[in-house]
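Observations on the model geometry
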Amino acid sequence: MSQASDLQRIAQLRQEIRRHDELYHRQAKPEIGDAEYDLLKRELADLEAAHPELPSEDSPSMAVGDDRVEGFASYRHLLPMQSLDNTYSKDEFFAFVARVAKGLEVEQALFTVEPKIDGVAVSLTYERGKLIRAVTRGNGVEGDDITANVAFIKTLPRELKGPNLPRLIEIRGEIFMRDEEFDRLNAERIEGGLEPFKNPRNLAAGTVKMLDREEVAKRQLDIMLYGLGDCQPAVVSSQSEYHDQLKTWGLPVVERFWTVEGPERAWAAIEELEAAKAKFPYPTDGAVIKLDSFDQQDVLGATSKAPRWAIAYKFAAEQAETVLKRISIQIGRTGVLTPVAELEPVQLAGTTVSRATLHNQEEMARKDVREGDSVLIEKAGEIIPAVVRVVMEKRPAESGPFSFPAKCPACDTEVSKVEGEVAVRCLNIECPDQVRGRLEHFASRQCLDIEGLGEAVVDQLVAKGIVSTISDIYRLEYEQLLGLEKFAEKSARNLLAAIETSKGVELWRLLHGLGIPQVGASAAKDLAKAFGSVAAIASASLESLVAVDGIGEKTASGIVAYFADEGNRAVIDSLFQAGMAPVVPVRPSEEEAVLAGKTFVITGTLPRMKRDEAKELIESKGGKVSGSVSKKTDYLLAGEAAGSKLAKAESLGVEVVSEAELLRMVTVE
Ligand code: IVH
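Residues numbered from 1 in each chain as written. Predicted model: local features only at pLDDT ≥ 70, side-chain atom pairs only at ≥ 80, totals over all residues. Heavy atoms only, no water.

1. What about the overall build of the protein?
For the protein, the helix and strand inventory stands at 24 helices and 22 strands. Computed over the C-alpha atoms, the radius of gyration of the protein is 29 Å, within 12% of the 26 Å expected from 2.2 N^0.38 for a compact globule of 669 residues. Seen through its C-alpha atoms, the protein measures out along the principal axes to roughly 85 × 80 × 50 Å. For the protein, the residues scored as buried account for 46% of the 669 residues in total. For the protein, the accessible surface area stands at approximately 33300 Å², while carbon and sulfur atoms represent 50% of it. Looking at charge distribution, the protein has the averaged site of its 82 positive side-chain charges lying 1 Å from that of its 107 negative ones. (Helix = DSSP H or I, 4+ residues; strand = E, 2+ residues; numbered from the N terminus. Rg over C-alpha atoms; globule rule 2.2 N^0.38 Å. Buried < 20%, exposed > 50% of the residue type's maximum accessible area, 1.4 Å probe, protein only. Areas by Shrake-Rupley, 256 points an atom, 1.4 Å probe, with all protein chains shown as cover. Lys, Arg positive; Asp, Glu negative; His and termini not counted. Charge placed at Lys NZ, Arg CZ, Asp CG, Glu CD.)

Structure below.
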């Protein structure tokens, strides 16, 4: 390439990489996958190497990224948090092992091979065994103090178990989200008509950087520790010892790591790891190979970006190529139209895939996906198969762009695009696909849990015109059920019994099952607890709904609009006429609930109780514990070294109580 075009490409790559750095590190909304990003970085590094005359200090090829955002205090790491060199090639991995041996002047070196967790890097400082701070990597030198958010991670001990505790230690690891939790949160979002989160890594990264502590508390994060920063005094001398030590201190650690000598054994360990990674509870995007001995690590040292004694071998995301036979449109229970790729079945990451999501109209147009195209599919975040791109070279000559339907394919009603949403919706409440979706949702495990009323039965009941609203379920008759496919006396009786039992369901399940916009399981629980009946919620004002912890303005207006609709009210009346009688279990008993309706925030070190114990006590007396001080806080329970929360409570006029005062409050005379 000519000199001028090289320079042009370097400038272009630098700009592009900077943009992706910002999207990934600061916004947790990457537009491209790791492999694509790594390719851009490598192209830039190669071009820069060919042009040593160009200044490169400011180039993103020299940077480690920076995750710091507004709203968090900055904290300087005692030892910098470095990045890792990475490779996708076996040859390059062997070259690394040879380089290490040469640098150490040994025949073969001892390495550990461990999973590379695809999460968010964090450095925890423990002083005399007590967790005092959690900080993000930031720019490697200084990061954001996220202690308050990390406090919600249930699997992280605040105190290490001895013996062998150093006075001060920086323990590094990765915060991540389990797939089940990711699915649970997405199911709630979809129900609420919100766009689902893209993948667990981005969601974990976004969550640790949230200022809204109540929201953080609702999302369960997890953590794994594997790395060492500063340690005073030193207590271990190798990576393998360190893993064992972390475990005895009671910290969550990777379930498996390998200690191996030489390149062949290390490679075999990488292959074993790749085969085993599906069983790990965290997303694993590669293997990290580290020189085991800390002394040997010191001999090799580091470049400005990464240590010379470690490398990440990244696994290629599993992709498969297949033919997209047809694009179908699915209509969800809230009327959202989702384009789905119907594929020539293909094997991918151990399963046969015949459908993949195309997300929405905009996304489909951006990728210019057409029927008949050859497409690459991938498990996004290793969960939902998605179409990554079209293999343009294989596009059939006669193909034309897909025209997104202007009418709902299920009921022929014109579809509309709601302001501020990417989704296109069918607004016909009687649309048969929506009716089916609503009924299936109502009967599902997370709602009324009516056994025997699954998709196949609902389809038949709707097709035969026997059921069209949720209240019709409670008027089903034995003879009608006998007329259904695969129904005999016993199955009909069982279903009727399950329907009868569901009348005494917990209130939050009924609320969830109604399909009120934005109301997923957790909002339903908050509403049930605050109001105690459907009637009370139906007549609640916008203000009183917003006053409930966990209910925002958007949800509140969704609720008001839902109950203002005559059709919805009629269905609910009819449900109650049919004998629906939801219950609200009272826990604890009324007289013990001396803190009912009171919200506490806990800060500082309490003289006798651990924070968890104080939280448990408050909750056992009917109170609630929240993570941050706001106007809705009733009491700040403050111990020693209370910091910014105390100042905030004082400025808002929130009453501050001590441990002793709390104990007095809960002691019934
Ligand atoms: S060691 C100085 N080990 O991957 C070496 N990093 O792409 C520091 N990561 O910055 C890193 N799993 O956030 C190490 N087992 C593991 C890891 C791991 C995930 C992350 C870490 C690192 C990034 C580099």
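Following the structure, the description resumes.
2. Comments concerning the side chain of Glu-48
For Glu-48, the location among the structural elements is in helix α2 (residues 34-50). A relative accessible area of 11% places Glu-48 in the buried class.

3. A few points about the sheet that holds strand β8 (residues 222-232)
An order of β5-β4-β7-β8 is seen for the four strands of this open sheet, with the pairing classed as antiparallel. In the strand order of this sheet, the two ends are held by β5 (130-136) and β8, each with one partner. Looking at each pair of strands side by side, their axes are set apart by 25° on average, direction ignored. Bridge count between strand β4 (residues 120-127) and strand β7 (residues 168-176): eight bridges; the pairing is antiparallel. By the bridge assignment for β7, Val-120 is matched with Ile-175. Strands β7 and β8 of the sheet are contacted by helix α8 (residues 239-248), whose axis makes an angle of about 120° with β8. (Pairing = 2+ DSSP bridges. Axes fitted to C-alpha atoms, helices over the stretch in contact; angles between N-to-C directions. Contact = heavy atoms within 4.5 Å.)

4. Some points on the pattern of salt bridges
Side chains that differ in charge, positive against negative, can pair when their charged atoms come close. On inspection of all chains with the given rule, the structure shows 28 salt bridges. Here Arg-256 ties to Glu-272 by a salt bridge, and the two come within 3.3 Å at their closest N and O atoms. Of the two residues, Arg-256 is situated in the loop between α8 and β9 (258-261) and Glu-272 in helix α9 (residues 262-276); the sequence distance between them amounts to 16 residues. Exposure remark for Arg-256: the relative accessible area of 39% places this residue in the partly exposed category. Looking at Glu-272, the relative accessible area reads 37%, which means it is partly exposed. The shortest N-O distance in the salt bridge between Glu-500 and Lys-503 comes to 3.0 Å. Ionic contacts of the salt-bridge type, sharing partners, join the residues Asp-66, Arg-68, Arg-76 and Glu-142 into one network. (Salt bridge = Lys/Arg side-chain N within 4 Å of Asp/Glu carboxyl O.)

5. A few points about the site of the ligand
Taken together, 13 residues lie near the ligand, and Glu-114, Pro-115, Lys-116, Arg-137 and Lys-290 sit nearest. Interatomic distance of 2.8 Å between a side-chain N/O atom of Lys-116 and an oxygen atom of the ligand. A distance of 3.2 Å is found between a nitrogen atom of the ligand and a side-chain nitrogen or oxygen belonging to Tyr-226. Protein coverage of the free-state accessible area of the ligand, which is 530 Å², stands at 87%. Of all the elements in the fold, those that place two or more residues in the shell around the ligand are β3 (110-117) and β10 (284-291). Grouping the constituent residues of the shell around the ligand by class yields seven nonpolar, one polar and five charged. (Near = heavy atom within 4 Å. Polar contact = N/O pair within 3.5 Å; in protein donor to acceptor, adjacent residues only side chain to side chain. Nonpolar A, V, L, I, M, F, W, Y, C, P; charged D, E, K, R; others polar.)

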